[in-house]
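# Per-entry structural report
Chain by chain, the residues:
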Amino acid sequence: MRTDTDRPGLVGSSVKRVNDPRLLVGRGRFIDDISMPGMAHATIVRSTIPSGTVTSFDVADCEALLVLGVDEIAAATRPIPCVWIAPGQEQVEVPVASRQVRYVGQPIGIVVAPSRAEAEDAVECLAIDLAAEDGVADSLQALEPGAPLVYPERGSNIGVEFPIGDPSELVEEAMASAAVVVSRRLRIPRIVPSPLETRGVIADWNPGLEQLTVWMSTQTPHHVRDHIAHSLRLRADQVRVVAGDVGGGFGSKEHLYADELLVCLAAMRLGRPVKWIEDRVEHFTATFHGRDAYHDARLAMTEDGTFLAIHTSITGNLGAHFSNVGTGPFRVSAVMLPGPYRLPVAGASIRAVFTNTTPTGAYRGFGMQEAAWVRERLVDEAARELGMSAIELRRKNMYRSDELPLVTPTFQEYDSGDYGRALDLVDARVRAYAPAPPASARIRQGIAVATHVEFTGLGPSKAQDIVGFRLGGYETAVVRMEPDGSVFVSSGVMGMGQGIETTLAQLAADRLGVPLERVRVQLGDTGVAPYSAAGSIASRSMTVGGGAVVRASTALREKILRIAGAKLEVSPSDLELVEGQIHVKGDPRTGTSLEELVTRAWLGLDLPEGESPDLECKYVHEPLNISYPYATHAAAVSVDLDTGQVAVDAYWVAHDSGVVVNPMIVDGQIMGGVAQGLGIALFEKMLYADDGQPLSTTFMDYLIPLSSDVPTMVMDHYETPAPHIPGGMKGVGEGGTIVAPAAIGNAIAAALPEIAEQILETPLSPGRLWTLIHKAGLHDG
Amino acid sequence: MTGEPDIRITTTVNDVTVEAQVEGRTLLSDFLRHDVGLTGTHVACEHGVCGACTVLVDDQPVRSCLMLAAQVDGCRVDTVESLGTQDDLSPLQSAMWAEHGLQCGFCTPGILMTVEGGRRAGLDVRQVVEDALPGHLCRCTGYQNIRNAIESYFAQGVQA
Ligand code: FES
Ligand code: FES
């Protein structure tokens with residue numbers, strides 16, 4: 001990685017991650033690694049039909065420690081609240097169990113036995129009758145007259161409809177006035193998040209203390225705690241959620257599932273710990289999916305390619321019920337549709353549709369990947385129609401850095417940056433690229449770019465409230481210097497492989513002048529961590545959580561310098577704290593050892609008037625704005641005309657995510673994100689039969705990228721600090737995934753101009769491409 | 001289906017002799033994790049695709065979710081716990097740390113054992129990177145840094 005602001009000190013340094021040695025020797029503590037005396041094991045009973053009714057649930061022949069069926073579960077629980085409510089959304093909570101089943105995988109019971117194998121055996125002995133009805137999986141089919149209704153009482157499968165951005169009259173006026181309007185129906189299929197570690201939970205009820213402890217693989221411990229307490233009618237203080245190592249989340253572990261509540265309920269009933277580990281087949285059907293939207297999109301421009309307006313009509317598939325985030329991804333697609341371009345008019349209409357499929361929720365990129373696919377494909381198609389270079393067309397329409405900050409027609413307050421510079425950097429890389437000529441005349445090569453601006457770091461709480469997202473947007477950090485001079489950092493954000501334990505430690509160590517090894521970051525335990533409403537979602541851990549650590553560490557440093565100043569009889573502003581020593585700036589011979597000062601402070605000694613003895617500072621960081629990183633990506637692909645197979649030969653990224661705390665980790669986030677985007681572009685699609693029966697339920701029929709699929713990437717970074725985030729960081733967790741499908745799709749279109757206008761839907765699998773190539777006559781002669 | 005642990009096995013796990021009674025249906029992965037208590041071997045798919053559960057049986061990388069515990073009677077099994085310690089990482093583990101070859105770390109033990117097995121079988125770096133590594137799923141890293149780590153490990157001339 002190259003950055004153009006090299007700073008001394010720990011911030012900006014590629015230090016090795018603090019957790020890795022443990023993970024490398026097999027001493028991680030993932031949920032299934034935990035075992036407890038007396039622990040029993042659960043299996044969740046699930047609907048095997050997409051639509052119908054549970055007519056009986058007979059446990060007579062079932063040998064198990066405990067069986068709970070739909071009615072008992074429903075009676076014992078309150079519905080789980082939705083947290084993102086769209087205007088007009090009537091369904092604002094979801095029952096934990098119901099006799100009405102609406103998707104394959106819906107939980108309808110739980111069986112607990114001494115071992116997992118015995119629990120699975122016991123499920124086989126249950127007598128469950130399901131009365132099947134017709135189901136529907138596709139959101140457009142669900143809107144056709146006569147389609148099966150997911151909620152017959154509603155009279156239609158439309159869950160909710162609402163517009164975003166400029167009013168339709170303004171949009172239509174702009175479209176009518178344009179010389180060129182590129183109009184396409186694009187589709188982003190359903191993605192299965194697929195962290196390598198599935199979900200899992202262990203619950204233990206202490207009847208004496210009347211306290212439930214829940215170990216869980218989750219991105220959002222406090223949020224999950226609140227919903228467990230709500231659904232089980234407990235007080236929040238009766239529930240403690242502890243997350244250990246999390247083997248990837250990508251959005252799928254950002255909320256409470258009914259499954260996890262069933263395990264808690266079982267543990268309370270049995271009075272012993274109960275463990276449940278999701279198996280991979282369950283992950284394909286019971287964990288919320290991502291994406292699944294059709295976009296009827298238009299991009300309008302003048303003859304010379306000046307953009308005038310963009311609009312999309314989104315038909316989004318909700319699945320069987322509103323997930324916790326409901327229409328959130330469709331809304332974010334709409335608000336981020338304009339991207340980095342000067343678009344005087346922009347808007348969207350959203351129609352969210354119920355189907356007999358697993359609910360759709362958060363997955364890395366959250367609506368923005370869809371927006372990038374739609375916008376960037378339209379821009380490349382526009383360039384083709386205008387006969388312009390796609391890079392020139394972008395350059396012409398991108399906001400210049402002197403136009404920022406500004407508010408887009410979809411209400412985004414873009415903060416800072418130089419969007420064109422990322423484009424220029426990638427353009428230079430692409431120009432310098434000299435690919436080996438194709439091995440045969442049947443191989444086509446193509447190179448193209450895609451670009452975006454991203455919404456990271458949810459978010460000012462008030463802004464979240466305006467869009468109906470009912471979780472506070474702040475983060476809190478507690479930073480304490482212990483009597484021996486070591487440092488304890490506690491935050492409500494969560495580690496799930498992104499290295500946040502290391503980067504938060506870097507921020508604290510940097511401000512406090514202590515070596516990294518002296519800092520311990522504690523996350524994931526609601527019994528210890530300060531309250532975090534939203535947890536680690538939306539690329540917010542570093543911006544919002546890190547900003548809190550910056551401020552709390554700075555406050556602690558100031559306190560230490562005040563104490564030292566009193567002791568040394570100099571002004572605190574004349575002191576510096578370097579490598580465990582406090583001395584007058586530029587004069588290392590003067591001063592005092594940090595450790596000695598700290599030890600005496602905790603004894604209540606040597607304190608100036610009015611200073612308390614605790615060396616602990618807390619800061620609640622309510623960000624002033626979303627932060628907006630951005631990037632340009634380019635892909636070089638080869639397409640085999642005879643097989644439809646695509647190889648990504650080279651890949652470039654130029655990126656600005658504000659101040660980079662650890663360049664190695666930032667690179668890793670982008671590489672991993674691009675790999676997931678490559679999966680979307682070429683392989684991944686959750687398949688359903690028309691009636692809602694799932695067809696992809698293993699890694700043999702749902703393909704995620706392998707090492708041989710993912711090229712070595714070349715990256716350029718530069719830094720425009722986020723003006724309103726302490727420390728200047730912007731989020732970096734999702735950008736790779738957001739843009740990569742569009743870059744690869746555009747490159748495939750560039751390789752195959754004959755079918756470019758039909759490159760509208762991912763995955764661009766060999767089967768899909770071969771068919772398009774064949775229809776275009778490229779197999780003739 | 002029986003739940004009786006009626007099969008007696010003797011196996012050497014990480015140089016320690018283990019005698020156990022197992023059920024016929026017990027997977028090697030479950031045996032290692034839950035009976036022997038070596039939770040470094042991870043299970044991510046239980047259908048033989050992801051490679052997270054890879055261990056060495058008589059020096060051969062195998063997917064322990066596709067093998068029964070009863071099948072390792074008389075065999076030598078090596079898991080990730082046999083490689084290095086937190087204070088004394090193996091050269092491969094050190095390379096993975098230095099190159100940022102892991103994020104969540106869930107896939108990592110399986111990959112380490114495949115590379116280790118490849119080294120023991122005398123594969124060269126190209127074979128390990130191009131043939132063996134694509135037998136593993138990693139959802140986090142994008143693989144680039146894993147490849148770098150393997151290359152750096154082999155470049156250290158550790159074949160001896
Ligand atoms: S768990 Fe064995 S291959 Fe996936
Ligand atoms: S590091 Fe998370 S799956 Fe590989």
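Residues numbered from 1 in each chain as written. Chains lettered and ligands numbered in written order. Predicted model: local features only at pLDDT ≥ 70, side-chain atom pairs only at ≥ 80, totals over all residues. Heavy atoms only, no water.

A word on the sheet that holds strand β30 (residues 713-717) of chain A. Hydrogen bonds between backbone groups are what pair the strands of a sheet, and the pairing can be parallel or antiparallel. Residues and elements named next belong to chain A. With mixed pairing, the four strands of this open sheet are ordered in space as β20-β28-β29-β30. In this open sheet, the two strands that pair with only one neighbour each are β20 (443-453) and β30. Looking at each pair of strands side by side, their axes are set apart by 10 degrees on average, direction ignored. In the packing of helix α12 (residues 419-431) onto the sheet, the strands contacted are β20, β28 (630-640), β29 (646-656) and β30, and the crossing angle to β28 comes to about 30 degrees. The strands touched by helix α17 (residues 663-682) within the sheet are β28, β29 and β30, with β30 carrying the most contacts at an inclination of about 130 degrees. (Pairing = 2+ DSSP bridges. Helix = DSSP H or I, 4+ residues; strand = E, 2+ residues; numbered from the N terminus. Axes fitted to C-alpha atoms, helices over the stretch in contact; angles between N-to-C directions. Contact = heavy atoms within 4.5 Å.)

Residues and elements named next belong to chain A. Turning to helix α5 (residues 168-177), its buried residues number three or more, namely V171, A174 and M175. Each buried residue of α5 lies within a common arc of 100 degrees when the element is viewed along its axis, so the set occupies one face. Set apart from the buried face of α5 by more than 90 degrees, the exposed residues are E169, E173, A176 and S177. Its buried side turned inward, α5 meets β10 (180-191), β15 (290-301), β16 (307-319) and β17 (345-354). (Buried < 20%, exposed > 50% of the residue type's maximum accessible area, 1.4 Å probe, protein only. Arc of directions from axis to C-beta.)

In this section: the interface of chain B and chain A. Contacts between the two partners involve 45 residues from chain B, matched on the other side by 55 residues from chain A. Taking both sides of the interface into account, the surface hidden between chain B and chain A amounts to around 4200 Å²; carbon and sulfur atoms contribute 58%. For chain B, the biggest contributors to the area lost against chain A are Q86, W97 and R139 of chain B; these three give 22% of the whole. Taken together, the links from chain B to chain A amount to four salt bridges. In this structure, D121 of chain A engages R25 of chain B in a salt bridge whose closest nitrogen and oxygen atoms are separated by 3.0 Å. There are 22 residue pairs in polar contact (both at pLDDT 80 or more) connecting chain B and chain A. Sort the elements by how many residues they give to the side of chain B that touches chain A and helix α2 (residues 91-98) of chain B lands first, with four residues. For the side of chain B that touches chain A, the class distribution of residues is 21 nonpolar, 18 polar and six charged. (Buried area = accessible area lost by both parts, 1.4 Å probe. Salt bridge = Lys/Arg side-chain N within 4 Å of Asp/Glu carboxyl O. Polar contact = N/O pair within 3.5 Å; in protein donor to acceptor, adjacent residues only side chain to side chain. Nonpolar A, V, L, I, M, F, W, Y, C, P; charged D, E, K, R; others polar.)

Residues E133, D134, D690 and D691 of chain A make up a contiguous surface patch of negative charge. Its place among the elements puts D691 of chain A in the loop between α17 and β30. (Patch = residues over 30% accessible without salt bridge, like charges linked within 9 Å, V, L, I, M, F, W, Y side chains within 5 Å. Areas by Shrake-Rupley, 256 points an atom, 1.4 Å probe, with all protein chains shown as cover. Lys, Arg positive; Asp, Glu negative; His and termini not counted. Charge placed at Lys NZ, Arg CZ, Asp CG, Glu CD.)

Residues and elements named next belong to chain A. With 19 residues, helix α10 (residues 368-386) should cover 27 Å at 1.5 Å per step; its first-to-last C-alpha distance of 26 Å lies within 8% of that length. Counting buried positions along α10 gives 16 out of 19 residues, so the element sits mostly inside the fold. Remark: G387 follows α10 within two positions and exhibits a positive phi of approximately 70 degrees. (Expected span 1.5 Å × (residues − 1).)

So, on to the side chain of S696 of chain A. All names here are of chain A. The residue S696 is located in the loop between α17 and β30 in this model. A distance of 2.8 Å separates a polar side-chain atom of S696 from the backbone nitrogen of L687. What S696 contacts, discounting residues up to four positions off in sequence, is F284, K685, M686, L687, D701 and Y702.

What follows covers the domain arrangement of chain A. Residue and element names in this part refer to chain A. The domain boundaries assigned to chain A delineate domain 1 (20-27 + 474-621), domain 2 (34-133 + 196-248 + 253-286) and domain 3 (290-458 + 625-775). Each of domain 1 and domain 2 has a C-alpha centre, and these two points are 39 Å apart. Around 1400 Å² of area is buried between domain 1 and domain 2 when both sides are counted, 51% of it from carbon and sulfur atoms. Interface area lost by domain 1 to domain 2 is led by M494, M496 and T526, which between them contribute 40%. Here domain 1 and domain 2 share two salt bridges between them. Where domain 1 packs against domain 2, one counts eight residue pairs in polar contact (both at pLDDT 80 or more). (Domains from an automatic or database assignment.)

This part covers the environment of G777 of chain A. Residues and elements named next belong to chain A. Assignment of secondary structure puts G777 in the segment after α19 (766-775). Classification of G777 as partly exposed rests on a relative accessible area of 24%. Expressed as a C-alpha distance, the spacing of G777 and G420, which sit 357 residues apart in the sequence, is 39 Å.

Attention now goes to the pairing of strand β3 (residues 66-69) of chain A. All names here are of chain A. Side chains of β3 alternate between two faces, with L66 and L68 and V67 and G69 buried alike. Relative to strand β7 (residues 107-113), β3 runs antiparallel, the two sharing four bridges. From the neighbouring strand, G69 faces β7, where its bridge partner is G109.

A few words on the side chain of T737 of chain A. Relative to the helices and strands, T737 of chain A resides in helix α18 (residues 735-751). The contact partners of T737 of chain A, leaving out residues within four places of it in the chain, are R291, R364, Q369, G673, V674, Q676, G677 and I680 of chain A.

This part takes up empty space enclosed by the protein. A complete count under the given rule lists seven cavities of 30 Å³ or more for this structure. In terms of residue count, the dominant contributor to the lining of the largest cavity is α17 of chain A (three residues). Among the residues making up the lining of the largest cavity, the classes are represented as 24 nonpolar, 16 polar and five charged. Its volume calculated, the second largest cavity comes out at about 100 Å³. If you trace the second largest cavity, you find 14 residues lining it, with N19, L23, G497 and E501 of chain A together with Q103 of chain B closest to the centre. (1 Å grid on protein atoms, 1.4 Å probe; cavity = no way out; pocket = protein on both sides within 12 Å on 5 of 7 lines; lining within 4 Å. Points joined across faces, edges and corners; volume = space filled by probe spheres on them.)

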